[in-house]
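What follows is the residue order along each chain.
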Amino acid sequence: MKVKVILLALLMSMGTVLPSYSMDDENVVIILTEINDNPAGPRSGVPITASLDEGIITTESNTYSGTVSVVIKDEDGDTVLSTAENVSANSQFTTNISSLADGSYTIYYTLGDIVYYGVFEKN
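Remember, predicted model here, so these are calculated numbers, not experimental data.

1. Thoughts on the pairing of strand 3 (residues 48-53)
Sheet topology note: the strand 1 (residues 28-30)/strand 3 ladder contains three bridges and is antiparallel. Among the inter-strand pairings, Val-29 is bridged to a residue of strand 3, identified as Ser-51. Bridge count for strand 3 against strand 4 (residues 56-61) is six bridges, and the pairing is antiparallel. From the neighbouring strand, Ile-48 faces strand 4, where its bridge partner is Ser-61.

Following this line, the structure appears as structure tokens:
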């Protein structure tokens, strides 16, 4: 587990955009990247993190407080799940995706006017 945390910190500090895929029942970190309309602008750290374990996505709010809109889209871009959560800093919430069909999905988190996304595989 320590290796995953260190790897996530390294990847986030480099601003790397890599998808994360589920490997059966193993806890997988979903790499979140900001959708930035101004790519020349400064990069900032992601105030939330997400991980997938046995059909449950656990989202942790590190520094953000407010409403988080969560949208999951399938490979065709169709919305398959949409919800909103009120969070405070250092809190977490879960999203059950066990009813979704196996396949690739993109999760979008909207925090105010900033959107983060990550790709995951449900097996």
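2. What to know about the pattern of salt bridges
One pass over the full model with this rule turns up one salt bridge. Put simply, Asp-102 and Lys-122 hold a salt bridge, and the shortest N to O gap is 3.6 Å. Placement of Asp-102 in the loop between strand 7 (91-96) and strand 8 (103-111) and of Lys-122 in strand 9 (residues 114-122) is noted, with a sequence separation of 20 residues between them.

3. Examining the packing of aromatic side chains
Inspection of the entire model under this criterion finds two aromatic pairs. Summarising the aromatic geometry, the rings of Tyr-105 and Phe-120 are spaced 5.7 Å apart at their centres and angled 20 degrees between planes, so their arrangement reads as stacked. Of the two residues, Tyr-105 sits in strand 8 while Phe-120 sits in strand 9, which places them 15 residues apart along the sequence. Of the two residues, Tyr-105 and Phe-120, both sit in the buried class. With a centroid separation of 6.4 Å and 35 degrees between ring planes, the pair formed by Tyr-108 and Tyr-117 is classed as tilted. Judged by its relative accessible area of 26%, Tyr-108 is partly exposed. Between the NZ or CZ atom of Lys-73 and the centre of the ring of Tyr-108, over which it lies, the distance is 5.6 Å.

Reading the values: the criteria
Per chain, the residues get numbers from 1 upward, laid out in the order the sequence is written. Under the rules for a predicted model, residues below a pLDDT of 70 receive no local features and side-chain atom pairs below 80 are neither given nor counted, while totals for whole chains, interfaces and linings still include all residues. Note that the side-chain values use all heavy atoms of the structure and ignore hydrogens as well as water. By definition, two strands form a pair when at least two bridges between them are found by DSSP. Strands are runs of DSSP state E lasting at least 2 residues, helices are runs of H or I lasting at least 4, and numbering of each runs from the N terminus. Any carboxyl oxygen of Asp or Glu within 4 Å of a side-chain nitrogen of Lys or Arg constitutes a salt bridge here. A pair of Phe, Tyr and Trp rings is counted when the ring centres sit within 6.5 Å of each other, with Trp represented by its six-membered ring. The angle between the planes then sorts it: under 30 degrees is stacked, over 60 is edge-to-face, the rest tilted. When accessible area is computed with a 1.4 Å probe and restricted to protein chains, residues below 20% of their type maximum are described as buried, those above 50% as exposed, and intermediate ones as partly exposed. By definition here, charges over rings are those cases where NZ of Lys or CZ of Arg is within 6 Å of the ring centre and within 35 degrees of the ring normal.

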